[in-house]
Amino acid sequence: MLQILTDIADFFLPRTCHICGCRLRESERVFCVRCIETLPRSLYHLMPLNPMERRFAGIVPFVRATGHFIYSRNSELAAAVHDMKYRQFPSVGRRLGEIVGEELNMAGFFSGADCVAAVPMHWWKKARRGYNQADFIVEGISEATGLPVADVLEASRAHKTQTAMTLQQRLANLSGAFRVKDSDALRGKGLVIVDDVCTTGSTLRSLAAEVSMAVPDCRIYLLSICVTV
Ligand SMILES: [Zn+2]
């Protein structure tokens, strides 16, 4: 019965790949297999002291750090990320989270991690946008890895958009922007902090500094779905 309903729904509202627009097979969701295969991987998680880890080494404590897909402007991935953030397509975030979660899980990236948390968005910004795209990414990662989502971080104040800022300006802009709201839940635990796009690393760096100050024995993993090179 369910299959018939699915077939009927697919006839009137065909599900299409968010990148190439082709019709999705039954087993595919949001993206077709071919588009998933061609997304540019950094493979940073296979490298010792990878370029993402070098952004944080000696500055904040962390166990592992990686950015999974290489992000470049005007790419198909950038368009999908833009839709995820600004055009009410949180399903794109969830699917990207699942894909990244599956691939990194198979490679053992999450070994020693206990929970995942999104880079928090200030309530005012979230109210205006309607959602925090990183929450959906983290749901997808949780689904793929079995790691629970931890509601432990919050944005304590709104900060300006950082697109045109230098690293130093970004760090000043983010100073005091995040807070650990449940430090007990993180004692002795491994926390994966998840961002959508990492450019200078200032957001993850600020959060890692905040978490390590509030909970010194928390093991921190830094993960961005996309990374610029
Ligand atoms: Zn496609």
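The structure we're discussing is the one just above.
Description of the structure in this document. Fair warning: this is a prediction, and the values are worked out from it, not measured in the lab.

## Structural notes on helix 9 (residues 202–214)
With 13 residues, helix 9 extends 18 Å between its outermost C-alpha atoms, agreeing within 8% with the 18 Å of an ideal straight helix rising 1.5 Å per residue. Along helix 9, the residues that are buried comprise Ser 202, Thr 203, Leu 204, Arg 205, Ser 206, Leu 207, Ala 208, Val 211 and Ser 212. Contacts made by the buried residues of helix 9 are with helix 3 (51–56), strand 3 (153–155), helix 8 (167–174), strand 4 (178–180), strand 5 (190–198) and strand 6 (219–227).

## Some words on the pairing of strand 6
With eight of nine residues buried, strand 6 lies mostly within the body of the structure. As judged from the six bridges shared by strand 1 (residues 64–70) and strand 6, these two strands associate in the parallel manner. Looking across to strand 6, one finds that Thr 66 is bridged to Leu 223. Crossover connection from strand 5 via helix 9 to parallel strand 6: handedness right-handed.

## With respect to the side chain of Ser 142
Counting through the fold element by element, Ser 142 comes out in helix 7 (residues 133–145). Every residue in contact with Ser 142, bar those within four places of it in the chain, is listed here: Val 116, Leu 147, Pro 148 and Val 149.

## Observations regarding the packing of aromatic side chains
Overall, the coordinates contain five aromatic pairs when judged by the stated rule. Aromatic pair Phe 56 and Phe 62: ring centres 6.2 Å apart, planes at 75 degrees, arrangement edge-to-face. Given the relative accessible area of 0%, Phe 56 is considered buried. Note on Phe 62: relative accessible area 21%, which makes it partly exposed. With a centroid separation of 6.0 Å and an interplanar angle of 70 degrees, the aromatic rings of Trp 123 and Trp 124 are classed as edge-to-face. Assessed through its relative accessible area of 46%, Trp 124 is described here as partly exposed. What links up through ring pairs into an aromatic cluster is the set Phe 109, Phe 110 and Tyr 221.

## Points about the nonpolar core
Counting residues in hydrophobic clusters, the biggest one holds 36 residues, and the most contacted among them are Phe 31, Phe 69, Leu 96, Phe 110 and Val 192. Going through the elements one at a time, helix 2 (33–38), helix 4 (76–86), helix 5 (90–106), strand 2 (115–118), helix 7, strand 5 and strand 6 are the ones with two or more residues in this core. It is helix 5 that provides the largest number of residues to this core, a total of five residues. Those residues in contact with Phe 31, other than ones at most four positions away along the chain, are Cys 17, His 18, Ile 19, Leu 24, Ile 36, Ala 80, Val 92, Arg 95, Leu 96 and Ile 99. Grouped together as the second largest cluster of nonpolar side chains are 29 residues, Val 60, Ala 150, Leu 174 and Ile 220 included.

Cut-offs used in this document
- Counting restarts for each chain: residues are numbered from 1 in the order of the written sequence.
- Residue-level local features of this predicted model are given only where pLDDT is at least 70; pairs of side-chain atoms are given and counted only at 80 or more, and the full residue set underlies all totals for whole chains, interfaces and linings.
- Water and hydrogen atoms were dropped before computing side-chain values, which therefore reflect all heavy atoms in the structure.
- Helix and strand assignments follow DSSP, with helices taken as H or I runs no shorter than four residues and strands as E runs no shorter than two, numbered in order from the N terminus.
- One less than the number of residues in a helix, times 1.5 Å, gives the span that helix is expected to have.
- Throughout this description, buried means an accessible area under 20% of the type-specific maximum (1.4 Å probe, protein chains only), exposed means over 50%, and partly exposed covers the range between.
- Two residues form a contact once any of their heavy atoms are found within 4.5 Å.
- For two strands to be treated as a pair, DSSP must find no fewer than two bridges joining them.
- The crossover handedness rule: strands pointing away from the viewer, path from first strand over the helix to second strand clockwise, crossover right-handed.
- Two rings from Phe, Tyr or Trp (for Trp, the six-membered ring) form a pair when their centres sit within 6.5 Å of each other. Planes less than 30 degrees apart are called stacked, planes more than 60 degrees apart edge-to-face, and all others tilted.
- Take the buried Ala, Val, Leu, Ile, Met, Phe, Trp, Tyr and Cys residues and link them wherever side-chain atoms come within 4.5 Å; each set so joined is a nonpolar core.

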